[in-house]
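Commentary on secondary and tertiary structure
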Amino acid sequence: MTEAQAPARRTVVGTTLETHIFEGMLDSPGATGELTALLNAISVAVRIIHSRVRAAGLAGMFGYTGETNVQGEEVQKLDEYANDVLCTVLERSGHCAILASEELEKPLACNPNAKYMVVFDPLDGSSNIDVNVSIGTIFGILRVPAGGPSDTALLQPGSAFVAAGYAVYGSATTLVLSTGRGVHEFTLDLNVGEFFLSRADIRCPARGALYSINEGNYSKWTPEVQAWNQYVKSDDKARGLPMGHRYVGSLVADAHRTLIKGGIFAYPADTKSRDGKLRLLYEAHPMAFVIEKAGGSAIDGKNRILDIVPSHPHSRVPLIFGSTEDVAVYRQYVSGQRT
Ligand code: AHM
Ligand code: MG
């Protein structure tokens, strides 16, 4: 081949989130582009929140607003900011019929003719905001049912989600997304301002070496959870024990590590939080959707998280997820098959 005939060399460009979503739409017969537009709106909101998180200390955005949210927790300035950004961007997109946020007392009606409903925790990991530890945004998307959008239309099992994911504002800002076919991670290129595919088709290992739980709650757990906790810490090399312990205290960070490296995350019910601490609609359902699509498991101790129907938008649930084998062992302890 002479030099003149050689094909032109092309610079290799990664796959942007937008291209990835668009190509997925092309593979779905009957797709109208509305889900694509909604996901792009979420990615814009995440980039705006990322920018404010990065400069929070400089922008006077640390600390509390002086208000208390519907969960009875003190509202951080960044919590409120992230919630406002998501509400505004989703409402303006025209593709959201109703949205429900951990920070809003009631769901917010948007475009009644839109096809989708969005649920989100705008800034997860509030206690880590002021100390420069990873925080994030968690979201899930549901189709409006035949009866139209309403507060009760949001109360569906997590298996009804059409997409879910989360962003982590960590050492890098990443967005993990599943529209039902695989789980993919995108990393924000700060110079370009775009998310690029960084991990395709993530699979959660069948078994991991790490467990993640707030062990300060030990005395408040049931004897079954305490027995499981003793098991994972026991010295039994043949069984890969003891497991190592990691706990960031931001669900997004603990979940992302568990998704990639395997192992188990647990926030069980205890004598203080009798229904668990984490919210079913804004935290447990989206995380369970992602974990299951990556081949992992998510349970409340005994039941599959994605089968549970919230009784209220702000319902809480015990949440245990991660590698299928590690979650199965937890279930055996909680159901009394192991002691
Ligand atoms: P938040 O949504 O108000 O930030 O609360 C949820 C957080 C999760 O990110 C994390 O898994 C959990 O609460 C940590 O709770 P604890 O401090 O009790 O361990
Ligand atoms: Mg949260």
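Scroll up to find the structure this text is about.
A quick note: this is a predicted structure, and the numbers were derived from the prediction, not measured.

Turning next to the coordination of the magnesium ion (ligand 2). Within the protein, the magnesium ion (ligand 2) binds to D121 (OD), D124 (OD) and E283 (OE); these donor distances fall in the range 1.8 to 2.2 Å. Binding-site remark: the magnesium ion (ligand 2) is held by donors from one chain whose sequence spacing is D-x2-D-x158-E. With D124 in strand 5 (residues 116-124) and E283 in helix 6 (residues 280-293), this residue pair connects regions lying 159 residues apart in the sequence. The class of E283 is buried, set by a relative accessible area of 2%.

A few words now on the sheet that holds strand 4 (residues 108-109). Backbone-to-backbone hydrogen bonds pair the strands of a sheet. The strands run either parallel or antiparallel. Taken in spatial order, the eight strands line up as 4-3-5-6-7-8-9-10 in an open sheet, and their pairing is mixed. Taken across any chain shown, the strands that pair with only one partner, and hence form the sheet edges, are strand 4 and strand 10 (194-199). On top of the sheet, helix 3 (residues 77-93) reaches strand 3 (96-101), strand 4, strand 5 and strand 6 (135-143); it is set at about 160 degrees to strand 5, its chief contact. Helix-sheet contacts for helix 6 involve strand 3, strand 5, strand 6, strand 7 (161-169) and strand 8 (173-178), and the interaxial angle to strand 7 is about 100 degrees.

It is worth spelling out unusual backbone geometry at this point. Note the cis peptide between L241 and P242, where omega equals 5 degrees. Looking at where P242 falls in the secondary structure, it is placed in the loop between helix 4 (223-233) and strand 12 (244-245). The phi dihedral of N132 is positive, around 60 degrees, even though this residue is not glycine. Within the secondary structure layout, N132 lies in the loop between strand 5 and strand 6. Taking the relative accessible area as the measure of exposure, N132 reaches 75% and is therefore exposed. A positive phi angle is found at D201, which is not glycine, with a value near 45 degrees. Tracing the backbone through its elements, the reader meets D201 in the loop between strand 10 and strand 11 (210-212).

Calculation notes
Residues numbered from 1 in each chain as written. Chains lettered and ligands numbered in written order. Predicted model: local features only at pLDDT ≥ 70, side-chain atom pairs only at ≥ 80, totals over all residues. Heavy atoms only, no water. Donors = N, O, S within 2.8 Å, 3.2 Å for Na, K, Ca; no water. Helix = DSSP H or I, 4+ residues; strand = E, 2+ residues; numbered from the N terminus. Buried < 20%, exposed > 50% of the residue type's maximum accessible area, 1.4 Å probe, protein only. Pairing = 2+ DSSP bridges. Contact = heavy atoms within 4.5 Å. Axes fitted to C-alpha atoms, helices over the stretch in contact; angles between N-to-C directions.

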